[in-house]
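# An overview of the molecular structure
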Amino acid sequence: VAPRIWNSNKNYNYSIEELSLLVNTLGLDVSGTIKQNLRNINSSYFVGSGKAKQIVEQAKALNIDYVVFDEDLTPVQTKNFQKLNENLKFIDRSGVILEIFYNNAKSKESKTQVELARLQYQLPRLTRMWTHLERQMGGFGTRAGAGEKQIEVDRRILRKRISLLKKRLKRIDSEREVQSKKRKNFFRTSLVGYTNVGKSSLMKSLTKSDVVIKNQLFATLDTTVRRLFIGESNYILLSDTVGFIRNLPNNLIASFKSTLQEVVDSNLLLIILDANSSDLYNEIDTIQSVLTEIGAEKISYQYVFNKIDLVDEDRIKYLKNSFPESIMVSASRSLQLSDIKEVIRNHY
Ligand SMILES: Nc1nc2c(ncn2[C@@H]2O[C@H](COP(=O)(O)OP(=O)(O)OP(=O)(O)O)[C@@H](O)[C@H]2O)c(=O)[nH]1
Ligand SMILES: [Mg+2]
């Protein structure tokens, strides 16, 4: 479901396309799209109540399992939809992103961070239909009737787990601080940018490190730091980290604080952009707002357009005109990678 609010400046079509990609990443197929222009956000269903019923009817007709919203629903809105139909699952954009992170988390740190963000997201959304804990706890039998009381019990379990995870993250944080202090004397540069633009590919090409490269959203969830020789017997530390996306859930950014700390502690940010992107300006906005959110907005940065092998001369000319300070590279074709080192040398 793609609601368009009349004064929103988001690229509506691109956003739907991106949501489809996110949904596919979860292994789900998209059966159809329902678009809706809106003057105001309805507090009960985001869309109007007539439209809400229509969405549920259409979902039933299509015989689908999930209804996914390209906006974030409040817990109340989600519950109201759930009341309209108990068999369908209603997820919003943040819910989808959280599930992808949950599936991709491998390290102890990222697993802890994702679980915390996910539980904080789930806590206010607990309903009678919330089956995960039921399964985990085993054999509660049918909930009809006894609902509210059970929800209270579930909430208590969740809150306990949340505070445990927070403690665990604090420990991870302080371990990271010790590591970070050791790097204090180095010039530190981070690769940041939208997900899937080729940050890890650049990391690999530049430092020969063995980072994961995948044509997939959020392949990287952990920070990798490596030494990079920039010439004249100078070394810097280069880091590759988790990618950004529009409407990245706030509690996700908060719980990834320790992972993103390397970015905050950087002397220079290389903001990697996809030369072939059709939504460049919104992506830049997204990156800048995430950087502001984590407190990295004052760090010097340099735009680096990657994947120039995919675009034509006109596009390169256009990008050079629009971003005169930027550099153009291709990680997979190893084009102009030495320009990156030169840029770092200039800031060093
Ligand atoms: N054509 C082309 N593809 C590239 C280039 N650099 C990276 N890719 C491809 O883009 C995809 C994403 O690359 P990654 O390096 O994993 O991107 P990332 O920014 O680290 O992505 P996340 O960690 O998921 O946020 C992979 O399929 C790469 O092969 C490039 O210069 N040209
Ligand atoms: Mg990556």
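Residues numbered from 1 in each chain as written. Chains lettered and ligands numbered in written order. Predicted model: local features only at pLDDT ≥ 70, side-chain atom pairs only at ≥ 80, totals over all residues. Heavy atoms only, no water.

The protein chain is annotated in an unreviewed UniProt entry as Hflx-type G domain-containing protein from marine metagenome.

### Re helix H3 (residues 75–84)
When H3 is considered as a whole, its buried residues turn out to be Gln77, Thr78, Asn80, Phe81 and Gln82. On its buried face, H3 sits against helix H2 (49–62), strand E3 (66–69) and strand E4 (89–92). (Buried < 20%, exposed > 50% of the residue type's maximum accessible area, 1.4 Å probe, protein only. Helix = DSSP H or I, 4+ residues; strand = E, 2+ residues; numbered from the N terminus. Contact = heavy atoms within 4.5 Å.)

### Overview of empty space enclosed by the protein
To find the voids left in a structure, one rolls a probe of water-molecule size over its atoms. Applying the stated rule across the entire model yields one cavity of 30 Å³ or more. A volume near 60 Å³ is recorded for the largest cavity. Taken together, Phe101, Val242, Gly243, Phe244, Leu248, Leu252, Ile253, Phe256, Leu260 and Val290 make up the lining of the largest cavity. Tallied by class, the residues present in the lining of the largest cavity amount to nine nonpolar, one polar and no charged. (1 Å grid on protein atoms, 1.4 Å probe; cavity = no way out; pocket = protein on both sides within 12 Å on 5 of 7 lines; lining within 4 Å. Points joined across faces, edges and corners; volume = space filled by probe spheres on them. Nonpolar A, V, L, I, M, F, W, Y, C, P; charged D, E, K, R; others polar.)

### Here's the deal with H2
For H2, spanning 14 residues, the distance from its first C-alpha to its last is 20 Å, which sits close to the expected 20 Å at 1.5 Å a residue. For H2, the set of buried residues is Lys51, Ala52, Ile55, Val56 and Ala59. Across the axial projection of H2, the buried residues extend over an arc of 140°, all falling on one side. Considering only its buried residues, H2 is in contact with strand E2 (35–38), E3, H3 and E4. (Expected span 1.5 Å × (residues − 1). Arc of directions from axis to C-beta.)

### Re the packing of helix H4 (residues 93–104) against helix H5 (residues 108–122)
Running from amino to carboxyl end, H4 crosses H5 at an angle of 150°, the nearest separation of the two axes being 9 Å. As far as their axial angle goes, H5 and H4 are roughly antiparallel. Here H4 and H5 pass one another in a crossing that is left-handed. Between H4 and H5, the contacting residues are Ser94, Gly95, Leu98, Glu99, Phe101 and Tyr102 on the first element and Val114, Ala117, Arg118 and Tyr121 on the second. Taken together, the residues of the contact of H4 with H5 break down into six nonpolar, two polar and two charged. (Axes fitted to C-alpha atoms, helices over the stretch in contact; angles between N-to-C directions. Parallel < 35°, antiparallel > 145°, perpendicular 65-115°, else oblique. Left-handed = near helix turned anticlockwise from the far one by under 90°.)

### Describing the site of ligand 1
In the vicinity of ligand 1, 23 residues are found, and the nearest of them are Lys199, Ser201, Ala219, Thr220 and Asp309. Between ligand 1 and Asn306 there is a distance of 3.2 Å, counted from a nitrogen atom to a side-chain nitrogen or oxygen. The contact in question runs from a nitrogen atom of ligand 1 to an N or O atom on the side chain of Asp309, over 2.8 Å. When ligand 1 is considered free in solution it has 660 Å² of accessible area, and contact with the protein chains removes 88% of it. Per-element tally for the shell around ligand 1: the top contributor is helix H8 (residues 199–207), with three residues. Class assignment for the residues of the shell around ligand 1 results in seven nonpolar, twelve polar and four charged. (Near = heavy atom within 4 Å. Polar contact = N/O pair within 3.5 Å; in protein donor to acceptor, adjacent residues only side chain to side chain. Areas by Shrake-Rupley, 256 points an atom, 1.4 Å probe, with all protein chains shown as cover.)

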